[in-house]
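Residue-level structural notes
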Amino acid sequence: MNTRVLVSLALLVGIGAVLHAVIPGIFFGMKPDMMLTMMFLAILLFPNVKTAGLVGIVTGVISAMTTGFPGGQVPNIIDKIITAFVFFSFVCLLKKYGQTVVSAAILTAVGTVISGTIFLTAALLFAGLPGGATFSALFLTVVLPATAINTIVMVIIYPIVSAIFKRMNITVHV
């Protein structure tokens, strides 16, 4: 992994961290996870195992530090690492179809649902769900809206960031 790729990953994760910190909570402190969108974007632009592992760990740790979910630190780390590798697997499976805005949007939607499911399951097992909320209630009120938001954001930013990286001669879609 060269320095340009590392700097690009750091910028994406940094942007995600700022967005994650400033987005207000929707339900019981849970909020749409913009770190997740940036993690997905990083894996789409630089699809390899090292990128998935690195960005999954870093995103998980930063999400854990900025979470508003009670007891959400460990679930955030678990969620991001597992989701990064699952998302990377999907990217590899769909690589022969090309990376388009449509495929990025579909992968983001599926990845967000997977991430939300892993997070809520881990939170239920490690810390319990806040305020007596049920898994399905949190899934419907937080994960599904986050899926819609993340997908819309990806549709907007993927072509922009991809074009910028190509102009800067940063190798994308390796």
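Rules used in this analysis
Residues numbered from 1 in each chain as written. Predicted model: local features only at pLDDT ≥ 70, side-chain atom pairs only at ≥ 80, totals over all residues. Heavy atoms only, no water. Helix = DSSP H or I, 4+ residues; strand = E, 2+ residues; numbered from the N terminus. Rg over C-alpha atoms; globule rule 2.2 N^0.38 Å. Buried < 20%, exposed > 50% of the residue type's maximum accessible area, 1.4 Å probe, protein only. Contact = heavy atoms within 4.5 Å. Areas by Shrake-Rupley, 256 points an atom, 1.4 Å probe, with all protein chains shown as cover. Core = buried A, V, L, I, M, F, W, Y, C linked by side-chain atoms within 4.5 Å. pLDDT = per-residue confidence, 0-100. Axes fitted to C-alpha atoms, helices over the stretch in contact; angles between N-to-C directions. Parallel < 35°, antiparallel > 145°, perpendicular 65-115°, else oblique. Left-handed = near helix turned anticlockwise from the far one by under 90°. Nonpolar A, V, L, I, M, F, W, Y, C, P; charged D, E, K, R; others polar.

**Quick look at the overall build of the protein chain**
When its secondary structure is counted, the protein chain shows 6 helices and 0 strands. Secondary structure of the protein chain in N-to-C order comes out as α-α-α-α-α-α. Relative to the 2.2 N^0.38 estimate, which gives 16 Å for 174 residues, the radius of gyration of the protein chain is 15 Å and therefore close to what a compact globule would have. Reported as C-alpha extents along the three principal axes, the dimensions of the protein chain are approximately 50 × 30 × 25 Å. Looking at the protein chain residue by residue over its 174 residues, the buried ones come to 47%. Considering only intrachain contacts with a sequence separation of at least 6, the fraction spanning at least 24 residues in the protein chain is 73%. Element-wise, carbon and sulfur atoms account for 76% of the exposed surface of the protein chain, whose accessible area totals about 7,900 Å².

**Some thoughts on the nonpolar core**
Core analysis: the largest hydrophobic core is formed by 32 residues, its most contacted members being Leu 41, Ile 43, Leu 44 and Leu 45. Only helix H1 (3–22), helix H2 (34–45), helix H3 (49–66), helix H4 (73–93), helix H5 (101–126) and helix H6 (135–167) provide two or more residues apiece to this core. When sequence neighbours within four positions are dropped, the list of residues in contact with Ile 43 reads Ala 52, Val 55, Ala 84, Phe 87, Phe 88 and Val 91. Listed in part, the 10 residues of the second largest apolar core include Phe 69, Leu 120, Leu 129 and Val 142.

**As for the confidence of the model for the protein chain**
In this model, the protein chain carries a mean pLDDT of 87, and residues with pLDDT of at least 70 account for 93%. Summarising per-element confidence for the protein chain, the mean pLDDT is lowest in H1 (87) and highest in H4 (95).

**A look at the packing of H2 against H6**
The N-to-C vectors of H2 and H6 enclose an angle of 40°; their axes lie 10 Å apart at closest approach. The angle between H2 and H6 places the two elements in the oblique class. For the pair H2 and H6, the crossing hand works out as right-handed. On H6, the residues that touch Met 34, Leu 36, Thr 37, Met 38, Phe 40, Leu 41, Leu 44 and Leu 45 of H2 are Ile 149, Asn 150, Val 153, Met 154, Ile 157, Tyr 158, Val 161, Ser 162 and Phe 165. Of the residues that constitute the contact of H2 with H6, the class distribution is 14 nonpolar, 3 polar and no charged.

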